[in-house]
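Read off the chains here:
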Amino acid sequence: MNSADTTATHSNADAQELAKFSELAHRWWDPNSEFRPLHQINPLRLAWIDELAPLRGKQALDVGCGGGILAEAMAAKAEHVTGIDLAARPLGVARLHALESGVANLEYREIATEALAEERPARYDVVTCMEMLEHVPDPSAIVAACARLVRPGGWVFFSTLNRNPKSFLFAIVGAEYVLRLLPRGTHEYARFIRPSELTRWCRESALSVQASRGMEYNPLTRRYWLSGDTSVNYLIACRRPAE
Ligand code: SAH
């Protein structure tokens, strides 16, 4: 594993996790690679975000943007999008892809969420942080930083994996071993996050939870859809109260 090109010096980041994503980065935009699930869920999450917090004319931030699947899609609707990550290679791929797509209202930066929150408090109308909290040593600090980055009245969206026997079976045994949707070792069960934990961190950061959705997958049809079942993959939407 090569972590030389990742930023391992941030206290709230796991160098091995960043190295995993860097190693695979060149396949990020291949819809049939290990990133297929992210490509498939992207229209679903984008539609949900845009329904609750219409992106038109907005400043958006995507935290843990990776190769930029969501950031670039949001840029097609929003006024401007910033994508941040701590893995260098995925960011390089994201920048190249934006260049190829001719997307100009999109900026990528290698910076810790907490550091951007110091630099740009209350700057964004919409903050998204998808499939990232379960890879971070202290996810509650990321939630707190997102709460600082969003303006009063703005929206913050998180998605992650629930922690219970069913999610172990579906997200690890099913996705990594049986269906091989993801490489083995992509996820660590102990880092999964119950909705009750995530909503507590939101409350502690003065974000009020507005809505949540589950994300389900049918291995026979190979389709995803949003539902009310948050037992495995789920998303939550919260708001920073207006002042
Ligand atoms: N959010 C993107 C990518 C998810 S993959 C999407 O849903 O399409 C998880 C991403 O989180 C990887 O790009 C990884 O480098 C990033 N990541 C992991 N720990 C991080 C940290 N502490 N700070 C910022 N990004 C991090």
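Right above here is the structure, for reference.
Residues numbered from 1 in each chain as written. Predicted model: local features only at pLDDT ≥ 70, side-chain atom pairs only at ≥ 80, totals over all residues. Heavy atoms only, no water.

What's the story with the site of the ligand in this structure? I'm lost.
Surveying the vicinity of the ligand reveals 17 residues, the closest of which are Asn12, Arg45, Gly64, Asp85 and Met130. Here a nitrogen atom of the ligand sits 3.1 Å away from a polar atom, N or O, in the main chain of Asn12. With respect to the ligand, the backbone of Met130 contributes an N or O atom lying 2.8 Å from a nitrogen atom. Taken by itself the ligand offers 580 Å² of open surface, and the protein chains cover 98% of this. Those elements giving two or more residues to the shell around the ligand turn out to be α1 (15-24) and α2 (36-52). For the shell around the ligand, a count of residues per class yields eleven nonpolar, three polar and three charged. (Near = heavy atom within 4 Å. Polar contact = N/O pair within 3.5 Å; in protein donor to acceptor, adjacent residues only side chain to side chain. Areas by Shrake-Rupley, 256 points an atom, 1.4 Å probe, with all protein chains shown as cover. Helix = DSSP H or I, 4+ residues; strand = E, 2+ residues; numbered from the N terminus. Nonpolar A, V, L, I, M, F, W, Y, C, P; charged D, E, K, R; others polar.)

Please explain a nonpolar patch on the surface as it appears in this structure.
On the surface, Tyr177, Val178 and Leu179 cluster together to form a nonpolar patch covering roughly 290 Å² of accessible area. Residue placement: Tyr177 occurs in helix α7 (residues 165-178). For Tyr177, a relative accessible area of 40% corresponds to the partly exposed category. (Patch = residues over 30% accessible without salt bridge, like charges linked within 9 Å, V, L, I, M, F, W, Y side chains within 5 Å. Salt bridge = Lys/Arg side-chain N within 4 Å of Asp/Glu carboxyl O. Buried < 20%, exposed > 50% of the residue type's maximum accessible area, 1.4 Å probe, protein only.)

Hey, could you run me through the packing of aromatic side chains in this one?
Aromatic ring pairs are defined here through the distance separating the ring centres and the angle between the ring planes. The tally for this structure, following the rule as stated, stands at seven aromatic pairs. On the numbers, 4.0 Å between centres and 20° between planes, the contact of Trp28 with Phe35 is stacked. Plain terms: the ring middles of Phe168 and Tyr189 are 5.4 Å apart, the flat faces sit at 85° to each other, and that makes the pair edge-to-face. Of the two residues, Phe168 is situated in helix α7 and Tyr189 in the loop between α7 and α8 (195-204); the sequence distance between them amounts to 21 residues. (Phe/Tyr/Trp six-rings, centres within 6.5 Å; stacked < 30°, edge-to-face > 60°.)

Teacher, can you tell me more about the pattern of salt bridges here?
As a working rule, side chains carrying opposite charge can pair if their charged atoms are close by. Under the counting rule described, the total for this entry stands at 14 salt bridges. The salt bridge involving Glu107 is made with Arg120; its shortest N-O contact spans 3.2 Å. Of the two residues, Glu107 is situated in strand β3 (residues 106-110) and Arg120 in the loop between α5 (113-119) and β4 (124-130); the sequence distance between them amounts to 13 residues. The shortest N-O distance in the salt bridge between Glu119 and Arg109 comes to 2.8 Å. Taken together, the positions of Glu119 in helix α5 and Arg109 in strand β3 put the pair ten residues apart, joining distant regions of the chain. Each of Asp14, Glu17, Lys20 and Arg191 takes part in a single network of salt bridges with overlapping partners.

Help me understand the nonpolar core in this model?
Burial of nonpolar side chains together is a common tendency in soluble globular proteins. If you look at the biggest cluster of nonpolar residues, it comprises 31 residues, and the most contacted ones within it are Leu55, Val81, Tyr108 and Phe157. Elements supplying a minimum of two residues to this core: α2, α3 (69-75), α4 (88-101), β3, β4, β5 (150-161), β7 (223-227) and β8 (233-239). Those residues in contact with Val81 that lie beyond four places of it in its chain are Ala60, Ala71, Met74, Ala75, Asn105, Leu106 and Glu107. Membership of the second largest hydrophobic core comes to 29 residues, among which are Met132, Leu133, Val143 and Val150. (Core = buried A, V, L, I, M, F, W, Y, C linked by side-chain atoms within 4.5 Å. Contact = heavy atoms within 4.5 Å.)

For this particular structure, what's the right way to read the side chain of Lys58?
Secondary-structure assignment places Lys58 in the loop between α2 and β1 (59-63). Although Lys58 lies buried, it forms no salt bridge, and the closest oppositely charged side chain, Asp125, sits 6.3 Å away as judged by the N-O distance. Setting aside its immediate chain neighbours within four residues, Lys58 contacts Ala53, Ala78, Glu79, His80 and Asp125. (Lys, Arg positive; Asp, Glu negative; His and termini not counted.)

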